[in-house]
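Each chain is listed here by its residues.
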Amino acid sequence: MPYPTNMKEKLAIHGGEPVRTKPYPTWPMAGAREEELLLEVIRSQQWGGYHKLVGEFEALFAQMHDCEHAVTCANGTVALEMALYAAGIGPGDEVIVPAHSFIATSSAVSRAGAVPVFVDIDPETYNISLDAIREAMSEKTKAVIIVHFGGAMVDMDRLEEVTKETKLTVIEDAAHAHGAEWHGRRAGSFGTVSTFSFQNSKVMTSGEGGIVTTKDADLAARARSYANCGRREGEGWFDHYILAPNVRMTGFQAAVLTAQLEKLTDQIRLRQQNAEALIKAVSAPGVRFQKVPGGANVQSCYIIPGAIDEAEFGVGRDAFIEAMKAEGIPCSPFYAKPLYKNPMYEHVAHRTEPCPAAEEVCGTSFWLPLVSLMGSEDDAKDVARAIDKVHAAYKPVETGAGVAVN
Ligand SMILES: *Cc1c(COP(=O)(O)O)cnc(C)c1O
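What you are looking at is a predicted structure, and each value in this text was computed from that prediction instead of being measured.

Draft legend 1. Layout of the overall build of the chain. Scanning the chain from N- to C-terminus turns up 13 helices and 16 strands. What you see for the chain is a C-alpha radius of gyration of 23 Å, in line with the 22 Å of a compact globule of 406 residues. Taken over the C-alpha atoms alone, the chain extends approximately 85 × 55 × 40 Å along its principal axes. Sorting the 406 residues of the chain into buried and exposed places 55% on the buried side. Partitioning the intrachain contacts of the chain with sequence separation of at least 6 by distance along the chain shows that 71% fall at a separation of at least 24.

Draft legend 2. Here's a closer look at the nonpolar core. In this structure, Phe320 and Ile387 are the most contacted members of the largest nonpolar core, which totals 127 residues. Aside from chain neighbours lying at most four places away, what touches isoleucine 387 is Val282, Ala284, Val287, Phe289, Phe313, Phe320 and Met324.

Draft legend 3. Fine view of the sheet that holds strand S12 (residues 332-333). Spatially, four strands are ordered S10-S11-S14-S12 in an open sheet, and the strand pairing comes out antiparallel. With one partner strand each, in any of the chains shown, strand S10 (287-289) and S12 form the two edges of the open sheet. Where strand S11 (residues 303-308) and strand S14 (residues 365-369) come together, five bridges link them in antiparallel fashion. When the sheet's bridge partners are listed, isoleucine 303 is paired in S14 with proline 369. Those strands touched by helix H12 (residues 356-364) are S11 and S14, and its axis lies near 60 degrees from that of S14.

Draft legend 4. Region of interest: the domain arrangement of the chain. Per the domain assignment, the segments of the chain are domain 1 (32-260) and domain 2 (264-405). Taken over C-alpha atoms, the centre of domain 1 sits 27 Å from the centre of domain 2. Contacts between the two partners involve 46 residues from domain 1 and, on the opposite side, 46 residues from domain 2. Buried surface at the junction of domain 1 and domain 2, both sides included, amounts to about 3,700 Å², of which 62% is carbon and sulfur. It is Phe118, Tyr126 and Val203 that lose the most area in domain 1 upon contact with domain 2, and together they represent 19% of the buried surface on that side. Where domain 1 packs against domain 2, one counts two salt bridges. Between lysine 291 and glutamate 124 there is a salt bridge, and its shortest N-O distance comes to 3.8 Å. In this assembly, domain 1 and domain 2 are joined by 24 residue pairs in polar contact (both at pLDDT 80 or more). A total of five residues in the side of domain 1 that touches domain 2 trace back to one element, the largest contributor, which is strand S3 (residues 115-119). Partitioned by chemical class, the residues of the side of domain 1 that touches domain 2 number 23 nonpolar, 17 polar and six charged.

Draft legend 5. Up close: the packing of helix H9 (residues 251-281) against helix H13 (residues 377-394). At their nearest, the axes of H9 and H13 sit 8 Å apart, and the two run at 25 degrees to each other. In terms of their interaxial angle, H9 and H13 are classed as roughly parallel. Crossing handedness for the pair H9 and H13: right-handed. Packed against H9, whose contacting residues are Asn274, Ala277, Leu278 and Ala281, the element H13 presents Glu377, Ala380, Lys381, Val383, Ala384 and Asp388 at the interface.

Draft legend 6. Region of interest: the side chain of serine 107. With respect to the element layout, serine 107 can be found in helix H5 (residues 104-111). Residues contacting serine 107, with those up to four places away along its chain left out, are Met344 and Tyr345.

Draft legend 7. Main features of the pattern of salt bridges. Applying the stated criterion to the full structure yields 27 salt bridges. Here arginine 111 ties to glutamate 81 by a salt bridge, and the two come within 3.1 Å at their closest N and O atoms. With arginine 111 in helix H5 and glutamate 81 in helix H4 (residues 76-86), the pair connects residues that are 30 residues apart, well separated along the chain. Overall, arginine 111 belongs to the exposed group, its relative accessible area being 64%. Two residues, glutamate 322 and lysine 325, come together in a salt bridge whose shortest N-O distance is 3.6 Å. Residue glutamate 322 and its partner lysine 325 are both found in helix H11 (residues 317-326); the two are separated by three residues, about one turn of the helix. Here glutamate 322 falls in the partly exposed class, since its relative accessible area comes to 40%.

Rules of the game
- Residues numbered from 1 in each chain as written.
- Predicted model: local features only at pLDDT ≥ 70, side-chain atom pairs only at ≥ 80, totals over all residues.
- Heavy atoms only, no water.
- Helix = DSSP H or I, 4+ residues; strand = E, 2+ residues; numbered from the N terminus.
- Rg over C-alpha atoms; globule rule 2.2 N^0.38 Å.
- Buried < 20%, exposed > 50% of the residue type's maximum accessible area, 1.4 Å probe, protein only.
- Contact = heavy atoms within 4.5 Å.
- Core = buried A, V, L, I, M, F, W, Y, C linked by side-chain atoms within 4.5 Å.
- Pairing = 2+ DSSP bridges.
- Axes fitted to C-alpha atoms, helices over the stretch in contact; angles between N-to-C directions.
- Domains from an automatic or database assignment.
- Buried area = accessible area lost by both parts, 1.4 Å probe.
- Salt bridge = Lys/Arg side-chain N within 4 Å of Asp/Glu carboxyl O.
- Polar contact = N/O pair within 3.5 Å; in protein donor to acceptor, adjacent residues only side chain to side chain.
- Nonpolar A, V, L, I, M, F, W, Y, C, P; charged D, E, K, R; others polar.
- Parallel < 35°, antiparallel > 145°, perpendicular 65-115°, else oblique.
- Left-handed = near helix turned anticlockwise from the far one by under 90°.

Here it is, written out as structure tokens:
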């Protein structure tokens, strides 16, 4: 039997033995500390308002992200609304956003009454293209929201050059980047105001939750007012100064997040070591992992993004993902389309710059979730073994007559 057919039969998707039968750890991960702090909140009988653990958590999170202030809230989506409100962005303004992100990055702009301007990403880093920011500028453009995709930071040195020149307000959507660093400085400390999400899949989580970070006390007070029914700190419970929702974080969430924060640094170290080992162990051609800019010395490793070059690897992205899953490796496609292709943009005002990289990435990319990095180094290397196995089965075959693609 010719070699490639033989290799194909070994794939789990064709009935062969999978690389892994043992599942990876599950996410989120909780232990005795989460339980202890949750019990404290239950017994305190202060289930609403701002429990003291909320304030303590805000102080810890701010300090860990090189900021003076942090304001918690119900989720990362509303955190972006708070940030935009705090930064004074509203009707008549345009805000530049990457076309390849979660919907909150752009929907928050519209909810603030401003207009999102979609720009392309860099196909190697998956982060916003800094050249595209310059090209998208109009006289209405007030701010840019950047996303540290997968937890690998945007080149903050180059971004600073761009924003100095353009006078744009920078908002970091750091939903993927808790604990990430650029030249030793933490994500969330570069923007005028920045946001994080604590949604279930994120690197620290309370199921739902969000936070705004800033070095500016006035901006923090504005964000707090927006999260808390338009109240002002130190003033009456029934005095409301701005039109705003109630999106306060509860003590239950702060209890879990306090415990999660205590583990974050060790978990990041583990993921980063395992990610390095995994990537080094891949020998198949045609798999391109996210390029991390040199200054991004700590990555949160929320996900490992990569792309498949079908011609080199031998099979396309979708078949690759199915084969990986059958091998016992969790793996999924990226966002299925650029944000502007969502049905909501048939009726929500926006502007779209050409985004060829975002369009392409949606069809070629995959991501490995953080759980594959939360076990041993050998567990992480199973991902590489599976990638190489899939390639070996599908690679283009050299024949006497030339190259035949099976
Ligand atoms: C998760 C996420 C958010 C916020 O999401 P919530 O579910 O509202 O917490 C914002 N931006 C990006 C890029 C995200 O991945």
